[in-house]
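These are the residues of each chain, in order.
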Amino acid sequence: MDFFPDVPGPIPFGGRDAEAELAYRVYDPDRIVLGKRMEDHLRIAVCYWHSFGWPGSDVFGQGTFDRPWLEPGVDPMRAARQKMDAAFEFFAKLGTPFFCFHDIDIAPVGATFAETKHNLEEMVGYAEEHMARTGVRLLWGTTNAFGHPRFAAGAATNPDPEVFAYAAAQVKNAIDATHRLGGANYVLWGGREGYETLLNTRMRREADQLARFLTMVAEYKHAIGFEGTLLIEPKPQEPTKHQYDYDCASVHGFLDRYDLVGEFRVNIEVNHATLAGHSFHHEVAYAIDNGIFGSVDANRGDPHNQWDTDQFPNSVEEMTLAMFEILRSGGFDTGGFNFDTKLRRQSMDRVDLFHGHIGGIDTLAQSLLAAARLVEDGALQAARDQRYAGWAGPLGTAIIDGDLSLGDLEQKVAAGDLDPHPVSGRQEQLENLVNRTLWRAIEPGE
Ligand code: XUL
Ligand code: CO
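Just so you know, these numbers come straight off a predicted model, no measurement behind them.

K.L.:
Looking at this structure, how should I read the overall build of the protein?
P.N.:
Check the secondary structure of the protein and you find 16 helices and twelve strands. For the protein, the spread of C-alpha atoms along the three principal axes comes to 85 × 60 × 45 Å. Among the 446 residues that make up the protein, the fraction classed as buried is 50%. Counting only contacts in the protein whose residues sit at least 6 apart along the sequence, the fraction spanning at least 24 positions is 76%. Computing the positive centroid from 40 side-chain charges and the negative centroid from 66, the protein places the two 2 Å apart.

K.L.:
How should I be thinking about the packing of helix 6 (residues 161-180) against helix 7 (residues 203-224) in this particular structure?
P.N.:
Axes are the key here: two packed helices are described by the angle between their axes and the distance separating the axes. Packing of helix 6 against helix 7 brings their axes to within 11 Å, and their N-to-C directions diverge by 30°. One way to sum up the angle between helix 6 and helix 7 is to call them roughly parallel. In terms of crossing hand, the pair formed by helix 6 and helix 7 is right-handed. Across from F164, A167, A168, V171, K172, I175, D176 and H179 in helix 6, the residues of helix 7 making contact are Q209, R212, F213, M216, V217, Y220 and I224. When grouped by side-chain class, the residues that make up the contact of helix 6 with helix 7 number ten nonpolar, two polar and three charged.

K.L.:
Can you help me understand the pattern of salt bridges in this one?
P.N.:
It is possible for side chains of opposite charge to pair when their charged atoms get near one another. If you walk through the whole model with that rule in mind, you get 16 salt bridges. Here R81 ties to E122 by a salt bridge, and the two come within 2.9 Å at their closest N and O atoms. Note that R81 is positioned in helix 3 (residues 76-94) and E122 in helix 5 (residues 113-134), a separation of 41 residues in sequence. Owing to a relative accessible area of 28%, R81 belongs among the partly exposed residues under this scheme.

K.L.:
How should the site of ligand 1 be read in this particular structure?
P.N.:
Close to ligand 1 lie W49, H102, W140, W189, E233, K235, E269, H272, D297, D308 and D340. Side-chain polar atom of K235 to an oxygen atom of ligand 1: 3.0 Å apart, as the coordinates give it. A distance of 3.0 Å separates an oxygen atom of ligand 1 from a polar atom in the side chain of D308. Isolated, ligand 1 exposes 290 Å² of accessible area, and the fraction of that covered by the protein chains is 94%. Looking at side-chain class alone, the shell around ligand 1 contains three nonpolar, two polar and six charged residues.

K.L.:
How do you make sense of the side chain of H130 when you look at a structure like this?
P.N.:
Mapped onto the secondary structure, H130 falls in helix 5. For H130, a relative accessible area of 8% puts it in the buried group. Within the structure, the side chain of H130 is placed 2.7 Å from the side chain of R133, a separation counted as a polar contact. Sequence-distant contacts of H130, defined by excluding residues within four places in its chain, comprise M84, D85, F88 and G135.

K.L.:
Looking at this structure, how should I read the pairing of strand 10 (residues 264-269)?
P.N.:
Residues in a regular strand point their side chains to alternate faces of the sheet. Burial within strand 10 is extensive, with five of its six residues counted as buried. Two elements, strand 10 and strand 11 (residues 293-297), share four bridges in a ladder whose sense is parallel. Bridge pairing in strand 11 links V266 to F293.

K.L.:
Looking at this structure, how should I read the coordination of the cobalt ion (ligand 2)?
P.N.:
Where a metal carries four tetrahedral donors, each ideal angle is 109.5 degrees; where it carries six octahedral donors, the ideal angles are 90 or 180 degrees. At 1.9 to 2.2 Å from the cobalt ion (ligand 2) lie its protein donor atoms, namely E233 (OE), E269 (OE), D297 (OD) and D340 (OD). The sequence pattern formed by the donor residues of the cobalt ion (ligand 2) is E-x35-E-x27-D-x42-D. Residue E233 is located in the loop between strand 8 (229-232) and strand 9 (242-243), and its partner E269 is located in strand 10; the two are separated by 36 residues in the primary sequence. The exposure classification of E233 matches that of E269, with both residues buried.

K.L.:
Is there a simple way to think about the pairing of strand 6 (residues 185-188) in this case?
P.N.:
Residues N185 and V187 point to one face of strand 6 and Y186 and L188 to the other, with burial holding for every one of them. Traced from strand 5 (residues 137-142) through helix 6 to strand 6, the parallel crossover comes out right-handed. Where strand 6 and strand 8 come together, four bridges link them in parallel fashion. The partner of Y186 across the bridge, within strand 8, is L230.

K.L.:
I keep staring at the side chain of S295 and nothing clicks. Help me out?
P.N.:
Locating S295 in the fold gives a position in strand 11. For S295, a relative accessible area of 0% corresponds to the buried category. Discounting residues that sit within four places of it in the chain, S295 has contacts with L139, W140, L231, V266, N267, I268, F332, G335 and G336.

K.L.:
How should I be thinking about the packing of aromatic side chains in this particular structure?
P.N.:
Any two aromatic rings considered together are summarised by their centre-to-centre distance and by the angle between their planes. If you walk through the whole model with that rule in mind, you get 24 aromatic pairs. Between the aromatic rings of Y48 and F99, the centroid separation amounts to 6.4 Å while the plane-to-plane angle is 50°, which identifies the pairing as tilted. One end of the pair, Y48, is in helix 2 (residues 48-53); the other, F99, is in strand 4 (residues 98-102), with 51 residues separating them in the sequence. Of the two residues examined, Y48 and F99, each falls in the buried class. Where W49 meets W140, the ring centres are 5.5 Å apart and the plane angle is 40°; that geometry is what we call tilted. Here W49, found in helix 2, pairs with W140, found in strand 5; they are 91 residues apart in sequence, far enough to count as distant. Connected via pairs of aromatic rings, a cluster forms that spans F3, F4, Y48, F52, W69, F88, F90, F91, F99, F101 and F354. Sitting above the plane of the F151 ring, R150 keeps its charged end 5.6 Å from the centroid.

Rules of the game
Residues numbered from 1 in each chain as written. Chains lettered and ligands numbered in written order. Predicted model: local features only at pLDDT ≥ 70, side-chain atom pairs only at ≥ 80, totals over all residues. Heavy atoms only, no water. Helix = DSSP H or I, 4+ residues; strand = E, 2+ residues; numbered from the N terminus. Buried < 20%, exposed > 50% of the residue type's maximum accessible area, 1.4 Å probe, protein only. Contact = heavy atoms within 4.5 Å. Lys, Arg positive; Asp, Glu negative; His and termini not counted. Charge placed at Lys NZ, Arg CZ, Asp CG, Glu CD. Axes fitted to C-alpha atoms, helices over the stretch in contact; angles between N-to-C directions. Parallel < 35°, antiparallel > 145°, perpendicular 65-115°, else oblique. Left-handed = near helix turned anticlockwise from the far one by under 90°. Nonpolar A, V, L, I, M, F, W, Y, C, P; charged D, E, K, R; others polar. Salt bridge = Lys/Arg side-chain N within 4 Å of Asp/Glu carboxyl O. Near = heavy atom within 4 Å. Polar contact = N/O pair within 3.5 Å; in protein donor to acceptor, adjacent residues only side chain to side chain. Areas by Shrake-Rupley, 256 points an atom, 1.4 Å probe, with all protein chains shown as cover. Pairing = 2+ DSSP bridges. Donors = N, O, S within 2.8 Å, 3.2 Å for Na, K, Ca; no water. Right-handed = clockwise from strand over helix to strand, strands pointing away. Phe/Tyr/Trp six-rings, centres within 6.5 Å; stacked < 30°, edge-to-face > 60°. Lys NZ or Arg CZ within 6 Å of the ring centre and 35° of its normal.

This is a description of form; function is not addressed.
Structure below.
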């Protein structure tokens, strides 16, 4: 059965003046940017959960989407196969290289743990067939250890060790599934790893539990020879009032405290960055500077709403700044841009999935071109280098190398040897430089 009969696919690259609505205007997978194919820079993935597992319901109303595989009354395994057929038809027609899933997105939960495990194994086998047929690969797998009532008080951070054990069992099977499908990464998002009230919470004890859990995950990865990257996805709150993996800096501090730096990196979501009171640019730059940058969930928020709206990216400006940092650091390693994106509830037709993804992908492609231009131009990098030039001189090196004490510095200043002058940060000039690049249409060969 064809679930997207009106879209012949694959979506073509039509250039900026393409007449067809369903065409890429900027995303041209084979176009070479800074020596690498555009597809290999962006490593785009479609997410299974919002695009195929969510009916368009919200807290005030039921599903609105036209998703036959989610209709009630269909045998759960039959529905799971239909959902997967639809998903792979979509991936292939969109022409993007990767997808991402949670265990329960692809396989129905059974009456027992053993039945759930069996369902997952069967659906992983079915996914293998679809992947071999279409060439679509797995960017990352993950576990849903936040939806079921047993996880209401957390998974790894639950006050009950039996829940910890249950989450561990589930994660083990999801890593196995990811490994079997050749996943490039495995993600842990701690939606319930936090607290609702401190009145009933022991924060330090829960942190110790989480560290133990993550250590077990890293040990298991090595034991089975899974070579993908383990990623933690920071988020400050929602659903819990306060989540421990608040932002990149909290995750980094946590990993450092428990000697786990090197085992985990971060999957940064644009909307989670802004909910934490940071720009996406900040989170990406922080992760890169501290060696924990892994992957990105590209969905944006609405600046007027203080919750996770998971919208398709549409700001070239926001994306270009982060893309510049990613390019200057050498680009993605195992990571990529995942579309953890939700259509608006009124976008109920199946074709709306194409409109959302095509627009988001073109936004990323245009941001890549603009960021590449900023890298090639070199002016931003040069301005940064110039600003810190003093640290390469004799005084700066001696301070950093530990050759001078507080007393030594006091003597130098008291002797009148130093006479620092404030220097302009040239912020507006740099902002103008970025804007000029964004305003320019960037065509092949230009
Ligand atoms: C929730 C979120 C998740 C993770 C995977 O805000 O972003 O979808 O990406 O569990
Ligand atoms: Co996400």
